[in-house]
Amino acid sequence: MCSLRSFDAFAPFETTVAGFVHCSARADPLEFQRHRSFIASHLAGGLMAFAALPLYLALWGAPGARESVALAWLAAPILSALFLARTGCFEAAHLLSAVSFTGLATYVAWWTGGLTSFVIGWLVIVPLEAALSGSRRVVIGAVACAAAAVVGLYAAGAAGLLPLADSLALGSAALVVGAVTSIVYAGGVAVGLERSHRAAQAAARVEDERYRLLADNVTDLITRHTRSGLVTFASTSARSLMGVESESLLGDGLFARVHVVDRPAFLQAFDAAARQDEPVPVEFRVRRESPKGVEWRWVEMLCRRIGGNGNAEIEIVAVARDIEERRRDHERLEAANAKAEEANAAKSRFLANMSHELRTPLNAIIGFSEMMTQESFKALSEDRVAEYATLINDSGRHLLDVVNGILDMSKIETGSFDVVPEPFDLRELVINTVALMQPAAEKARVHLLASLPADAPELVADRRACKQIFLNLLSNAVKFTDPGGRVTASARFDDHNAYLSVTDTGIGIDEVDLPKLAVPFVQAQSSYDRRYEGTGLGLSVVKGLAALHGGDLSIRSRLGEGTTVTVRLPIDCEAARQNVAPFPRPSETPADMEPSSERNARYA
């Protein structure tokens, strides 16, 4: 069966009526339909009264005064329709219509027998029409009007005020016109109810389609939940976020995929959202399924309550997005900040230590030089003068070593240290460096030895940098070895790398301090009253120079038993720096070169 909307004859009328709808009701589709239905039904009812006038004249002749008033009153709905079109006040228009129709029914009943009149049934239409307003106040007002009319007619009849002698004055003509008008008006109300219901359904479908269209075309997962967190709707983004279809999340499907540790926070967020109007954020891990397997990813969900007003059931709308990369970036940022703070603290310690490292030799240089400028200096013996000169020279060399270490580290960190590869005999360089350190070792009463293979290959590297590496390692070893101890320099080779090692029988290093070594400006013992001098740059320079050659540094040690530092350098550093293939890490050092686990190092 076709609906009324299918008849093309109504199209011009509906188009005309749509033009009467007030501008305030045009934005909301449902409100627009309600205004249009009211105007259409009331215009139709009023026009029917005018259409019935020629029929009345043809059948019963010219109407009397009473009939004229009744027929004119039948056109009153047109005024209600125009009132709504002009003001947009939907409730006021319904009240005006209820009062108008109640007045018409009361007027006709007054002249046709009071409560026994055929028009009393019309009063039932009054509250029915008021129900279309959707307002409880309008319905109550309409019921009050209809009830007042009944009470008034009853009171008039009891007081004998009704014109009983003229009760049939309107005769059969009034009966016919009243019946037809009543049917038409009731039909208009019924049509209005049907159209409003249909418009509400259409508006709901449109909104639902818009909601689904939005939910299905955003990358975030949109879900609707009961107050307890059960999923009643999930968008298609579930596939990209969790690797499953949205139907798999319905019910407790989403909760089952939340990490067991994060489930309390998940449930607490829904409970909090159900009790407040503000959105509640929560972060948790969910299980994501992919061809590569199952993985846990962090998501952020924002939960907000809808409903809960009157008898509406509380629901939670949630929007979830993948924040795995954001958390990783945050962790990397925190690690970088921690590293920066650590480096800043290390440099602060370095500056504090510098005051000691610089002040001591400077005091010696200034003090002994002042003594040599005084007149009493002439009375000093040659031995005493030689002693002062030696102390000044030693202090100056110490200052030079400190400054050179700082400059070298600065160049390495800024990338301005130029490596100039050249072929040279590594065995010769080691022997010369050991000979250079021999006087310092003898002064410290430490035995300094060299153990080198006779067939050592030629090394292609920066000769000056390699000498600096060996000098720093030997200097550290001698400094941290007690009198009577031994320091051994050795070298081993494989097909691609040279392994230069310095082993001592010195104080060794605690395992707790091993991670601090080779960090610029850090010493294992950094207090002002530490036993050994130094800026803490020695191993940092060694590590930096090795890295510039494509090599690395490893340290093993045991407290009280000594230390072994091994530097790996490519035999041809020029080729190694251009080769993307990784070189063996310290853990991959050949077995015959691996320093003993009992004797490996760390330095300050």
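The preceding data block contains the structure.
These figures come from a predicted structure and were not determined experimentally.

Our next topic: the pattern of salt bridges. Counted by the stated rule, this structure contains 17 salt bridges. Its salt-bridge partner being E324, residue R328 comes within 3.3 Å of it at the nearest N-O pair. With R328 and E324 both in helix α12 (residues 324-373) and four residues apart, the pair spans about one turn of that helix. A relative accessible area of 35% places R328 in the partly exposed class. Relative accessible area serves as the criterion here: at 10%, E324 is assigned to the buried category. Here R568 ties to D552 by a salt bridge, and the two come within 2.9 Å at their closest N and O atoms.

Strands belonging to one sheet form pairs held by backbone hydrogen bonds; the direction of such a pair is parallel or antiparallel. Taken together, the five strands give an open sheet; going across it, the order is β2-β1-β5-β4-β3, and neighbouring strands pair in antiparallel fashion. Both edges of this open sheet fall to β2 (231-234) and β3 (280-290), since each of them pairs with a single strand only. With direction set aside, neighbouring strand axes in the sheet form an average angle of 30°. Here strand β4 (residues 293-306) runs beside strand β5 (residues 315-322); their pairing, made up of eight bridges, is antiparallel. Looking across to β5, one finds that V299 is bridged to D322.

For the pair helix α14 (residues 426-443) and helix α15 (residues 463-479), interaxial distance at closest approach is 10 Å and the crossing angle is 35°. Here α14 and α15 pass one another in a crossing that is right-handed. Across the interface between the two elements, E428, L429, V430, T433, V434, L436, M437, A440 and A441 of α14 pack against R463, C466, K467, F470, L471, L474, S475 and V478 of α15. Residue classes in the contact of α14 with α15 are distributed as twelve nonpolar, two polar and three charged.

Before going further, it helps to spend a moment on the environment of N472. You can see N472 is positioned in helix α15. Taking relative accessible area as the criterion, N472 reaches 14% and is therefore assigned buried. With 66 residues separating them in the primary sequence, N472 and G538 have C-alpha atoms 5.7 Å apart. Once residues lying within four places of it in the same chain are set aside, the contact partners of N472 are G538, V541 and V542.

Before going further, it helps to spend a moment on the environment of A142. Along the chain, A142 turns up in helix α7 (residues 136-158). Considered as a pair, A142 and L123 are 19 residues apart in the sequence and their alpha carbons are 9.5 Å apart. Apart from residues no more than four positions distant in its own chain, A142 is found in contact with A98, V126, P127 and A130.

Our focus in this paragraph is the packing of α15 against helix α16 (residues 538-548). Axis separation between α15 and α16 bottoms out at 9 Å; the angle between their running directions is 150°. The orientation of α15 with respect to α16, classified from their angle, is roughly antiparallel. Viewed along their axes, α15 and α16 form a crossing whose handedness is left-handed. Here A465, Q468, I469, N472, L473 and N476 of α15 come into contact with α16, specifically with G538, L539, V541, V542, L545 and A546.

Definitions and cut-offs
- Residues numbered from 1 in each chain as written.
- Predicted model: local features only at pLDDT ≥ 70, side-chain atom pairs only at ≥ 80, totals over all residues.
- Heavy atoms only, no water.
- Salt bridge = Lys/Arg side-chain N within 4 Å of Asp/Glu carboxyl O.
- Helix = DSSP H or I, 4+ residues; strand = E, 2+ residues; numbered from the N terminus.
- Buried < 20%, exposed > 50% of the residue type's maximum accessible area, 1.4 Å probe, protein only.
- Pairing = 2+ DSSP bridges.
- Axes fitted to C-alpha atoms, helices over the stretch in contact; angles between N-to-C directions.
- Left-handed = near helix turned anticlockwise from the far one by under 90°.
- Contact = heavy atoms within 4.5 Å.
- Nonpolar A, V, L, I, M, F, W, Y, C, P; charged D, E, K, R; others polar.
- Parallel < 35°, antiparallel > 145°, perpendicular 65-115°, else oblique.

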